[in-house]
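Remarks on the overall topology
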Amino acid sequence: LHPLNGYALSKVHNEHYARYLAEKEGLSVAAFRFPAVMQEEHGHRWVRWLKRDPNAWKHSMDGFWTFVHGLDVADAYLAAIDKPRPGFEAYHFF
């Protein structure tokens, strides 16, 4: 991981700490790396905002235009709780 800003750097350090705890204490830790989390109606508002503000396009590229639906996020959390795995794992969502 090569964080490009302070927020991303804090996420990397939090994952390192979670990995440490999983190994030291025998915990099951699932780290979720989500892009923008939206419901369908939010996506339409997002596109309208991008069309209105020419500078918004530059800032929105941080997420490479990816998003995940809120219901899929809920399913991911339920799967992590229902079927925990020993140790630390990180999951990317696209």
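The structure displayed is predicted, hence computed values, not measured ones.

**Let's talk about the layout of surface pockets**
- Here the second largest pocket is characterised by a volume of approximately 190 Å³.
- For the second largest pocket, the lining is made up of 14 residues, of which Ala30, Ala80, Lys83, Arg85 and Tyr91 are closest to its centre.
- Put simply, the parts of the chain that give the lining of the second largest pocket at least two residues each are β1 (28-33), α4 (70-82) and β4 (87-92).
- With four residues, the top contributor of residues to the lining of the second largest pocket is β1.
- Classifying every residue of the lining of the second largest pocket by side-chain character gives nine nonpolar, two polar and three charged.

**Topic: the packing of aromatic side chains**
- Tallied over the entire structure, the rule returns seven aromatic pairs.
- With a centroid separation of 6.2 Å and 25° between ring planes, the pair formed by Tyr17 and Tyr20 is classed as stacked. In this pair, Tyr17 and Tyr20 are both assigned in helix α1 (residues 6-25), three residues apart and thus about one turn of the helix distant.
- A ring pair is formed by Phe34 and Phe93, whose centres lie 4.6 Å apart and whose planes are at 40°; its orientation type is tilted. Residue Phe34 is found in the loop between β1 and β2 (36-38), and its partner Phe93 is found in the segment after β4; the two are separated by 59 residues along the sequence.
- Look at Phe34 and you get partly exposed, because its relative accessible area is 26%.
- Through a chain of ring-to-ring contacts, the aromatic side chains of Phe32, Phe34, Tyr77, Tyr91 and Phe93 assemble into a single cluster.

**With respect to the environment of Phe32**
- Its place among the elements puts Phe32 in strand β1.
- For Phe32, a relative accessible area of 16% gives the class buried.
- For the pair formed by Phe32 and Ala90, sequence separation is 58 residues and the distance between their alpha carbons is 5.9 Å.
- The contact partners of Phe32, leaving out residues within four places of it in the chain, are Ala76, Tyr77, Ala80, Tyr91 and Phe93.

Thresholds, definitions, all that
- Per chain, the residues get numbers from 1 upward, laid out in the order the sequence is written.
- Predicted model: local features are reported for residues with pLDDT of at least 70 only, side-chain atom pairs are reported and counted for 80 or more only, and whole-chain, interface and lining totals are derived from all residues.
- Based on all heavy atoms of the structure, the side-chain values leave hydrogens and waters out of the count.
- The pocket and cavity definitions rest on a 1 Å grid over protein atoms only: a 1.4 Å probe that fits but cannot leave marks a cavity, an open set with protein on both sides within 12 Å along at least five of seven lines marks a pocket, and residues lining either have an atom within 4 Å of a point.
- Grid points are joined across faces, edges and corners, and a volume is the space filled by probe spheres set on the points.
- What counts as a helix is a DSSP run of H or I of at least four residues, what counts as a strand is a run of E of at least two, and both are numbered from the N terminus.
- Three classes are used, and their members are as follows: Ala, Val, Leu, Ile, Met, Phe, Trp, Tyr, Cys and Pro are nonpolar, Asp, Glu, Lys and Arg are charged, and the others, Gly among them, are polar.
- Stacked, tilted and edge-to-face pairs are distinguished by plane angle, under 30 degrees for stacked and over 60 for edge-to-face with tilted covering the rest, among Phe, Tyr and Trp rings (Trp via its six-membered ring) whose centres lie within 6.5 Å.
- Burial here depends on accessible area, computed with a 1.4 Å probe over protein chains only, as a share of the maximum for the residue type. Under 20% is buried, over 50% is exposed, and the range in between is partly exposed.
- Note on contacts: a residue pair qualifies if any of its non-hydrogen atoms lie within 4.5 Å across the two residues.

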